[in-house]
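An overview of the molecular structure
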Amino acid sequence: MELVMATPKEQQNGLPNFYLLKNNSGEIVGRVNLVDIDKRNNIADIGFRIGAEYVGKGIGNQALKLLLKTDLSVKQIRGKTTTVNQASQKVLEKKRFQTSGGD
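Before going into details, it helps to say that this report is about the structure given with it. Within each chain, residues carry numbers counting from 1 in the order of the written sequence. Two thresholds apply to this predicted model, a pLDDT of at least 70 for residue-level local features and 80 or more for giving and counting side-chain atom pairs, whereas whole-chain, interface and lining totals are computed over all residues. As a rule here, side-chain values come from all non-hydrogen atoms in the structure, and water together with hydrogens is ignored.

Section: the overall build of the protein
A count of helical and extended segments in the protein gives 3 helices and 5 strands. A run of DSSP states H or I qualifies as a helix once it reaches four residues; a run of E qualifies as a strand once it reaches two. Both are numbered from the N-terminal end. Listed N to C, the secondary structure of the protein is β-α-β-β-β-α-β-α in terms of helices and strands. Residue burial is assigned from relative accessible area. The probe radius is 1.4 Å, only protein chains are included, and a residue is buried under 20% of its type maximum, exposed over 50%, and partly exposed in between. Relative to its full complement of 103 residues, the protein shows a buried share of 30%. Considering only contacts within the protein whose residues lie at least 6 apart along the sequence, 40% involve residues at least 24 apart. Whether two residues are in contact is decided by their heavy atoms, any of which lying within 4.5 Å being enough.

Looking at the nonpolar core
Buried residues of nine kinds, namely Ala, Val, Leu, Ile, Met, Phe, Trp, Tyr and Cys, make up a nonpolar core once their side-chain atoms join them within 4.5 Å. Ranked by size, the top nonpolar core spans 20 residues in total, and within it V32, I46 and L67 carry the most contacts. Counting residues per element, the ones that place at least two in this core are strand 2 (17–22), strand 3 (28–38), strand 4 (43–50), helix 2 (59–69) and helix 3 (86–94). Contact partners of L67, with chain neighbours within four places excluded, come to L3, Y19, V32, L34, I46 and L72.

Observations regarding unusual backbone geometry
Glycine aside, the phi torsion of most residues is negative, and most peptide linkages are trans. Here D36, not a glycine, exhibits a phi torsion of approximately 50°, which is positive. Structurally, D36 is set in strand 3. One non-glycine residue, R96, adopts positive backbone phi at about 70°. When you line up the elements, R96 lands in the segment after helix 3. Residue class for R96 comes out exposed when judged on its relative accessible area of 74%.

Quick word on the pattern of salt bridges
Any two side chains of opposite charge can pair, on the condition that their charged atoms come close. Definition used for salt bridges: Asp or Glu carboxyl oxygen within 4 Å of a side-chain nitrogen of Lys or Arg. Scanning the entire structure with this criterion turns up 1 salt bridge. For R78, the salt bridge identified is with D45, shortest N-O distance 2.8 Å. Taken as a pair, R78 in strand 5 (residues 76–79) and D45 in strand 4 lie far apart in primary sequence, 33 residues in all. Note on D45: relative accessible area 12%, which makes it buried.

The following block contains the structure:
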């Protein structure tokens, strides 16, 4: 599995960071993003999406693991999901993200 930084204009301006997740055949199997980056406090929100045919195969866990190994420009990452998105919640919990009340 490989995490490849996409290079849209927003990233060049230091805004959201978008990454593509590719399998060993070079196919895009998902994406992971750092968004709502607060440069003052070095905090960002994480979001990810895994292709439907790859769900349930540990791809979300691999994506998060790879992202956390990159040279991040932030010191803290917040995960945010809907209350019904149990798959994303499991991925975040495995990496020790803590549950908190939403707003």
